[in-house]
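If you want the building blocks of each chain, they are given just below.
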Amino acid sequence: MKKRLIAIILAAACALSAALTGCSSAGTSSTSTDASSTGTDTSSATSNNENSSSEGNTVVAGFVYIGKITDGGYTQAHDAGRLAVEAMGVQTYYIEDVPETVADTKEAIQTLIDEGCNLIYTNSFGFMEGTDQMAKEHPEVKFAHCSGYMREDNMSTYFGKVYQARYLAGIVAGMKTEKNYIGYVAAKGIPEVIRGINAFTLGVQSVNPDAKVEVVFTDTWYDPTVEKQAALELLNKGVDVIAQHQDTTAPQVAAEEKGAFCIGYNFPTPDAAPKAYLTAACFDWKTFYTDDVQKAIDGTWTSRAYWEGLASDMTYLDELSSLCAEGTQAKVDEAQMAIINGTLEPFTGPLYDQNGELKVADGVKMTDDEIWNMSWFVKGVVGTIPA
């Protein structure tokens, strides 16, 4: 699979221009190659180029992406964060379409290191082991892995508490459904996905206790054809709202084609299915990326486990469309304020699993660690977590 490497050359262009004629604005150029050096491409950016760390080193940031920066979802949302880093004056590189294998992850990271990157971000769960191995092999480089749990002295983890926004999205879906039957297209049977499904379902139940949420797993983060087929499977069963934990807008398109409604994910996408789109549970990755890069510039970077949500603007619910049910905005606003001020934690007991077994006692709030590692479905979810 072709993996494109884009280098945004800022400081070098400015220095060369200054040597010849003086530099009045940041120059740019770019190259593109896959890991074995094929292809060419161009892009542009502007920058103030204030990028020297307190230790006298220049930060060069590299990004390893699971999908394309034009996917209309997960990777595009991450790339918006990269562009915010670039706007800080930091040179950035990225590689798209990297398969989730240890070998491919390490190859992509090595390419970035060879290009001079000393701060590297890998944006998908399946990159975890490869990132960890490279962190051990390159202690001089700082790393951060998205959504995983392995950390080293030079390797952080980061993610957003998007389950909070999913709870709000569940309120939207619960108020919109007329059949009390909602579909959910999900990628993998891992805690990241499971807690999102559960939070969404609890949001649905908070306004519509009779509704159920049926889940179909695709076993892929990014495959528009497979995602759409899974959505159609649910729509043909009769669901009238589709939610998703997938990287493209294909489930939303399927919902519109079938006259149903949809909840997006990762990135606002009202134009993908304008006759179906209600809202989306989103990340604002620039919140983390700009903070982390600034720490590297300041010489204060340390390994950490970053997991923030609505209160930190790391996650958010997109604006509600005009298709939402009357009174939805007020319900969402009320719940959002309660989550932010700490009076509402979606995962507060009593919580029962699919079999009716009490998992969390009345009044008990699940800890961050328990939420992070969630491996069971709440009551009201229809479906089986894949092994």
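Quick note: structure is the one above.
Residues numbered from 1 in each chain as written. Predicted model: local features only at pLDDT ≥ 70, side-chain atom pairs only at ≥ 80, totals over all residues. Heavy atoms only, no water.

A. Spotlight on helix H8 (residues 250-257). For H8, the complete set of buried residues consists of Ala250, Pro251, Gln252, Ala254 and Ala255. Positive backbone phi, at 75°, marks Gly259, one or two positions downstream of H8. (Buried < 20%, exposed > 50% of the residue type's maximum accessible area, 1.4 Å probe, protein only. Helix = DSSP H or I, 4+ residues; strand = E, 2+ residues; numbered from the N terminus.)

B. View of the sheet that holds strand E17 (residues 381-382). Strands sit in the order E14-E12-E11-E10-E8-E9-E17 across an open sheet of 7 strands; the sheet is mixed. Two strands in the sheet have a free side with no partner beyond their single neighbour: strand E14 (315-317) and E17. As paired strands, strand E8 (residues 181-186) and strand E10 (residues 241-245) are joined by 5 bridges and run parallel to one another. Pairing of Ile182 across the sheet is with Val241, part of E10. Each of E8, strand E9 (212-217), E10, strand E11 (261-266) and E17 touches helix H6 (residues 191-207); the most contacted strand, E8, lies at about 165° to it. (Pairing = 2+ DSSP bridges. Contact = heavy atoms within 4.5 Å. Axes fitted to C-alpha atoms, helices over the stretch in contact; angles between N-to-C directions.)

C. Layout of the environment of Thr58. Examined against the element boundaries, Thr58 turns out to sit in the loop between strand E2 (32-33) and strand E3 (60-64). Here the alpha-carbon distance between Thr58 and Ala296, two residues 238 residues apart in the chain, equals 9.3 Å.

D. Seen up close, the nonpolar core. One finds Tyr121, Phe200 and Trp285 to be the most contacted residues of the largest nonpolar core, which totals 95 residues. Element by element, the count of residues in this core is highest for helix H5 (residues 162-176), at 9 residues. In contact with Trp285, other than residues within four places in its own chain, are Tyr74, Ala77, His78, Gly81, Cys146, Tyr158, Phe159, Gly160 and Met314. (Core = buried A, V, L, I, M, F, W, Y, C linked by side-chain atoms within 4.5 Å.)

E. Geometry of the pattern of salt bridges. For the structure on display, the rule yields 14 salt bridges. Put simply, Asp219 and Lys188 hold a salt bridge, and the shortest N to O gap is 3.3 Å. Highlighted residues: Asp219 in the loop between E9 and helix H7 (224-237) and Lys188 in the loop between E8 and H6, separated in sequence by 31 residues. With relative accessibility at 58%, the residue Asp219 sits in the exposed group. When the shortest N-O distance is used, the salt bridge between Glu214 and Lys237 registers 2.7 Å. Of this pair, Glu214 sits in strand E9 while Lys237 is found in helix H7, placing the two residues 23 residues apart along the sequence. For Lys237, a relative accessible area of 45% corresponds to the partly exposed category. Taken together, the shared-partner salt bridges connect Asp291, Asp292, Lys295 and Arg304 into one network. (Salt bridge = Lys/Arg side-chain N within 4 Å of Asp/Glu carboxyl O.)

F. How the structure looks around the pairing of strand E12 (residues 277-283). Burial runs high along E12: 7 of the 7 residues are buried. Alignment of E11 against E12, held across 5 bridges, turns out to be parallel. Bridge pairing in E12 links Tyr265 to Ala281. Two strands pair when backbone bridges link them, and E12 and E14 are joined in this way by 3 bridges, in the antiparallel orientation.

G. Geometry of the environment of Arg82. Tracing the chain through its elements places Arg82 in helix H2 (residues 74-86). Considered as a pair, Arg82 and Tyr121 are 39 residues apart in the sequence and their alpha carbons are 9.9 Å apart.

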